[in-house]
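Commentary on secondary and tertiary structure
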Amino acid sequence: MDISTRLPAGRPLLVLLCLLLALGLQAQRTVTGQVSDALSSETLIGATVKVKDGTTGTVTDIDGNYSITLPEGEQTLLFSSIGYGTQEIEVGDQSVINVEMSSDIESLSEVVVVGYGTQRKSDVTGAIGVVGSEELLRAPVTNAIQGLQGKVAGVNVFLNSGSPTGSPRVLIRGLGTINSSSAPLYVVDGVVMEDIQFLNPNDIKSIEVLKDASATAIYGSRGANGVILVTSRRGPNAEGITVGYDGYVSVGTLRKKMDLLNAEEWLEVVRTGMENTPKYRPGTEPVFTTDDPNLFDENGNPLYDTDWQEEATRTAISHSHQLSIQQRTGNSSYGVFLNYTATQGIMLNNYLDRLYGKVAYEGNPKDWLTFGFNVLANVTKENSFEEGGGGQSPRRTMIEMPPIFPVRFPDGTYSNSQMISDAYNLEAMANPVHVLETQDRLAKRTQLFGNAYLVFHLADGLDLRTQFGFDKQDRLFQNYSPPDLVNISSPLGSASQDLNRFTYWQQENYLSYNKQFGPHSINAVAGLSWQQRQADGFGIGVQGFADDFFRFNRLQAASQPGAPSSFYDDWTMNSYFLRGGYSFNDRYLLTVTGRIDGSSRFGENNKYGVFPSVGVGWVVSNEDFLANNPVISALKLRSSYGVTGNTEIAAYQSLATLSSGTTLLNGQRVTNTVINRLGNPDLQWEKTQQFDVGFNLALFNYRVNLEMDYYYKLTTDLLLGRPIPQSTGFGSILDNIGEVSNRGVEVLLNTQNVTGPTFNWSSTLNFSYNKNRIEKLGENDEDIFPGPYWVSGSQTILRVGESLSSFWGYRRLGTWGTDEVEEASEVGAVPGEAKRSEEQTIIGKGLPNWNGSFINNFSYGNFDLTVDLQFVLGVDIMQQYYHSTEDRSGIANGLRTILTEGWTPENQNTMVQEIRNQAYAGQNSQVDDHWIVDGSYLRGNAFTLGYNLPGLSADRFGLGSLRVYVSAQNLFVATSDEFQGLDPEATSWGGNQWGQNIFFFQYPRPRTFTLGLNVKF
């Protein structure tokens, strides 16, 4: 029966509402009370009182009093305040609840992961940045390095590409080497990992970044570039079993296009260039026509106007799925984690698929023994994208392919720039869609990684840990390029297969001692380590294919087989390390660290090196004169000094080595062997001395938290080629002869702007400044030109007193005018050409002075919002693409500035040269500061809106928690007006040490929209 039939006629709804209101009033009750400090008994203003698993809440008033109304079904209140431990109190029949809150001992005693163990955060004297999983994954990321960007002051993360297969670059506190690797040391669960680019970010619990010598010296000869410690997820902390799912689907789109000529504009440039040809090549008068019937109609109008940036890119659909099962029972716990991620790049046919699985276990079979292991398998498959050099790759041809050509002609044939009968003499190129759809650049990686350990609890506070870790990777690269790709693999086609394998293992044993005796606290570690890495590989490349049937799957089908190649190398290390931390009365701190490393990679006379450090700290806020200070909640001063090394050079660099090959002798191919390098038995580590001074400050009951550091790093014994007499048969020998310094300031400011029962707002501002300077280059401090080499030679210079990665080129003083005919002729120029300085000079630099982020987190009820802005200041970009898109024209497409800003007799006050047809009139193109623009930018890195299902609602569905979120990444980028590229953070020189912010076209970084779900059962 409908309830309305039992109510007075005409008033059923009104009566029903009154009944429901009465029931609601009966179900609610009010609890009042006062919140105070347990130690001082002073009342706490602004403490939060909230119903557990609900949205109802309040804050205490000026006298510490509160009043909260809660439904009868709600039995638990949460009391929290910044700097104090959260209390959970069952209400029961109580109507008055007074709460005394204690200082957040857990927070004050919070431990951070350091080398070979943990330390209380309050006892740490080194500079360490911490990023938790929640912060790392606040927006979906495909790799851990991407999630680290902008999260730690002093850490520069250059993503450099929008490709999921691109190679990011990480610099900690500046660049301090020339010929060694600048990458930090990655340590995952205590085991060194080659790199973490393909590590599953969903499996990460936290990342600690060790920056100063006090923190990194425990890693000795491998710590000069900083250390990134990754702690992965394992079993749960609480009893029971937890099943979780984390997934998302994302859509990536092209954020920006370069401003190029359309078909009509490009034809105007070609025509104008031909008309101007006699000025540059007297007697040469090309005739401009539009007669090709495949490209022009009967009136000479172009049939096609192709937007190649649009055609070569796509809407990229990516998705990720993570399943986790974690359980703790009695004395053991385990975790099982499975992940599948399929990431599409926005360039056609570019993708990365990852299948990842991990098992972690830890148990205490005996009171005196803990046993555990952690093993993961990671398989990735990708169709990668060529991002280095200046060849005819799609990142270039989607800009330079003339728009008058279609992707395919009506008969289905792919176009290329040679398919025109008019005498344009275009640069030979395959269209980018043709390359992307028919070329294979497959990479398959299989990684097995893990460790196993035993911990013997020898006495109270004294443990002996023995552990074995390994990292084994197989990498197969399979490439195929068809015979019809003009200026790439035409006319033969090419294929290759390369298999590279390496195995790394480490075995370590160390004692750890943690004990407190009254006011004295000791944290000590001492141990030894053995490490070895072995690598080998082989490969072969072939040419000559009749068709595309076999591709790289049957190399013997090629008509021109290449010579096979192979390699093998290994290195070993033996190390002894210790760290002693002492704290007196939780006020005065001392940390002493040392490591002795012996490496096979260095000279016979310098196999071992010693790397010590010392750190001191003073917890000023624990002194009596700051006790109960209403403003300063915590203050710690700290300083450190130490020496670390850089051992990351190729094996056998200290030895005289041989190279072998074949040569023709008397008409016969014979083998030959020659000495290709002199040995140096004195070769040793590059050493970095680092001084750091900083403080940690908390104000206004921990509402404002500030960390600040000043550091000075001096790297000596840089590995450089020292010139030697030509009579030796060699030009140089690798030696330790250079010095580089880095000095800077790091600031991390965290503020709790608004704290309340329903609305909260917190902000994190981190920024850093770094000044890089070359101090010494050999005995005579000669300039060195390290490359990358391209137009005008080396694009960078190493010069004492200047920054590493300094750009080298001419000054562009304008363009020659019609009133400067004689002056122009003296340098072989005519009016309309670029006017440049006589000598080359430093014209910019590719490493930023300032970088940082400003992240705001908001929550309202069950909603949360994150706004992540990132910025870079004080850096330059070398737009190498100006060479072929502005300084020359006619043979390929180019920037619209050729037409709108190019020199004419009526427009002579311009930096853009006169239109000329390169095929007939040559070109005037050299690296100058017209190519250099301000590289500063502000990026809308991530905007994430999430909704958390309330606890009672989640319980109703049998869920522990559920969160749904939407995210927009790379939403906008604000740059200087002069920047013409797709993204200001890039390189087209791969892993070249000096290629940062130098690019000859680039892979565009997409704007990405994501829908995600996190759920636990």
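Residues numbered from 1 in each chain as written. Predicted model: local features only at pLDDT ≥ 70, side-chain atom pairs only at ≥ 80, totals over all residues. Heavy atoms only, no water.

1. Topic: the overall build of the protein
The helix and strand tally for the protein stands at 15 helices and 52 strands. Here the C-alpha atoms of the protein give a radius of gyration of 33 Å, agreeing with the 31 Å that 2.2 N^0.38 yields for 1017 residues. The principal-axis extent of the C-alpha atoms belonging to the protein is close to 105 × 95 × 60 Å. Among the 1017 residues that make up the protein, the fraction classed as buried is 52%. Counting only contacts in the protein whose residues sit at least 6 apart along the sequence, the fraction spanning at least 24 positions is 70%. Taken as a whole, the protein presents about 42800 Å² of accessible surface, with 55% of it coming from carbon and sulfur. Between the averaged position of the 74 positive side-chain charges in the protein and that of its 109 negative side-chain charges there is a distance of 6 Å. (Helix = DSSP H or I, 4+ residues; strand = E, 2+ residues; numbered from the N terminus. Rg over C-alpha atoms; globule rule 2.2 N^0.38 Å. Buried < 20%, exposed > 50% of the residue type's maximum accessible area, 1.4 Å probe, protein only. Contact = heavy atoms within 4.5 Å. Areas by Shrake-Rupley, 256 points an atom, 1.4 Å probe, with all protein chains shown as cover. Lys, Arg positive; Asp, Glu negative; His and termini not counted. Charge placed at Lys NZ, Arg CZ, Asp CG, Glu CD.)

2. Some thoughts on the pattern of salt bridges
Counting across every chain of the model gives 43 salt bridges. Linking Lys151 and Asp868 is a salt bridge whose minimum nitrogen-to-oxygen distance equals 3.8 Å. Remark: Asp868 occurs in strand β45 (residues 863-873) and Lys151 occurs in the loop between α4 (144-148) and β11 (155-158); sequence separation between them is 717 residues. Neither residue differs from the other here; Lys151 and Asp868 are each classed as buried. One connected set of salt bridges, linked through shared partners, spans Arg173, Lys211, Arg638, Asp692, Asp709 and Glu746. (Salt bridge = Lys/Arg side-chain N within 4 Å of Asp/Glu carboxyl O.)

3. Some points on the sheet that holds strand β5 (residues 76-80)
Here we have 4 strands laid out as an open sheet, ordered β3-β2-β5-β6, and antiparallel in their pairing. What marks the edges here is a single partner per strand, and that holds for β3 (57-59) and β6 (87-90). Between one strand axis and the next, the sheet turns by 20° as a mean value, whatever way the strands run. Where strand β2 (residues 48-51) and β5 come together, 4 bridges link them in antiparallel fashion. By the bridge assignment, Val51 is partnered in β5 with Leu77. (Pairing = 2+ DSSP bridges. Axes fitted to C-alpha atoms, helices over the stretch in contact; angles between N-to-C directions.)

4. Concerning the nonpolar core
Core analysis: the biggest nonpolar cluster contains 57 residues, and Trp266, Ile404, Phe405, Ile420, Tyr424 and Tyr881 have the highest contact counts within it. Those elements that place two or more of their residues in this core are α6 (263-275), α9 (394-400), α10 (432-438), β46 (876-879), β47 (932-934) and β51 (998-999). Counting residues per element, this core draws most heavily on α6, which supplies 6 residues. The residues contacting Ile420, other than those within four sequence positions of it, are Asp292, Leu295, Phe296, Ile404, Phe405 and Leu426. Listed in part, the 47 residues of the second largest apolar core include Val112, Val157, Tyr510 and Ala535. (Core = buried A, V, L, I, M, F, W, Y, C linked by side-chain atoms within 4.5 Å.)

5. Things to note about the sheet that holds strand β15 (residues 204-210)
One open sheet accounts for 5 strands, arranged β10-β15-β16-β13-β14; its pairing is mixed. Looking at which strands have only one partner, the edges of the open sheet turn out to be β10 (128-132) and β14 (191-193). The average undirected angle you get between the axes of adjacent strands in this sheet is 25°.

6. Observations concerning the side chain of Gln879
Mapped onto the elements of the fold, Gln879 is located in strand β46. In this structure Gln879 comes out as buried when scored by relative accessible area, which is 0%. At 2.6 Å, the side chain of Gln879 and the side chain of Tyr881 are in polar contact. (Polar contact = N/O pair within 3.5 Å; in protein donor to acceptor, adjacent residues only side chain to side chain.)

7. A few points about the pairing of strand β24 (residues 494-517)
With 20 bridges connecting them, strand β23 (residues 462-481) and β24 associate as antiparallel partners. In the strand pairing of β24, Gln467 is matched with Glu508. As paired strands, β24 and strand β25 (residues 520-543) are joined by 24 bridges and run antiparallel to one another. Looking across to β25, one finds that Phe517 is bridged to His520.

8. Considering the pairing of strand β17 (residues 240-253)
Here β17 runs beside strand β18 (residues 316-329); their pairing, made up of 13 bridges, is antiparallel. Within β18, the position partnered with Tyr245 by the bridge is Leu323. Summarising the sheet, β17 and strand β52 (residues 1007-1016) pair through 10 bridges and their orientation is antiparallel. Paired with Val251 across the bridge in β52 is Phe1009.

9. Observations regarding the confidence of the model for the protein
In the predicted model, the protein carries a mean pLDDT of 90, and the fraction of residues at 70 or more is 95%. Between residues 1-27, whose pLDDT stays under 50, and residues either more than four places distant or in other chains, the model counts 8 contacts. (pLDDT = per-residue confidence, 0-100.)

10. What about unusual backbone geometry?
In this structure, the amide linkage connecting Ser490 to the following residue, Pro491, adopts the cis form with an omega of 5°. Residue Gly787 is joined to Pro788 through a cis peptide bond whose omega torsion reads 0°. Position of Pro788 relative to the elements: it lies in the loop between β36 (759-777) and β37 (789-790). Positive phi, close to 60°, is recorded for Asn628, a residue that is not glycine. By the secondary structure assignment, Asn628 is in the loop between β29 (608-619) and β30 (632-646). Asn628 sits in the exposed class, given a relative accessible area of 60%.

11. Thoughts on the packing of aromatic side chains
Enumeration according to the criterion identifies 32 aromatic pairs in this entry. Measuring from ring centre to ring centre gives 5.8 Å for Phe288 and Tyr424, while their planes differ by 5°; the resulting arrangement is stacked. One end of the pair, Phe288, is in the loop between α7 (277-280) and α8 (308-311); the other, Tyr424, is in the loop between α9 and α10, with 136 residues separating them in the sequence. Here Phe288 falls in the partly exposed class, since its relative accessible area comes to 25%. For the pair Trp761 and Phe858, a centre-to-centre distance of 5.6 Å together with 20° between the ring planes defines the contact as stacked. Taken as a pair, Trp761 in strand β36 and Phe858 in strand β44 (residues 850-860) lie far apart in primary sequence, 97 residues in all. Phe858 gets classed as partly exposed once you look at its relative accessible area, which sits at 25%. Every member of this aromatic cluster is reached through a ring pair, and the members are Trp790, Tyr881, Tyr882, Trp931, Phe979, Phe999, Phe1000 and Phe1001. Over the face of the ring belonging to Phe502 we find Arg533, whose NZ or CZ atom lies 4.4 Å from the ring centre. (Phe/Tyr/Trp six-rings, centres within 6.5 Å; stacked < 30°, edge-to-face > 60°. Lys NZ or Arg CZ within 6 Å of the ring centre and 35° of its normal.)

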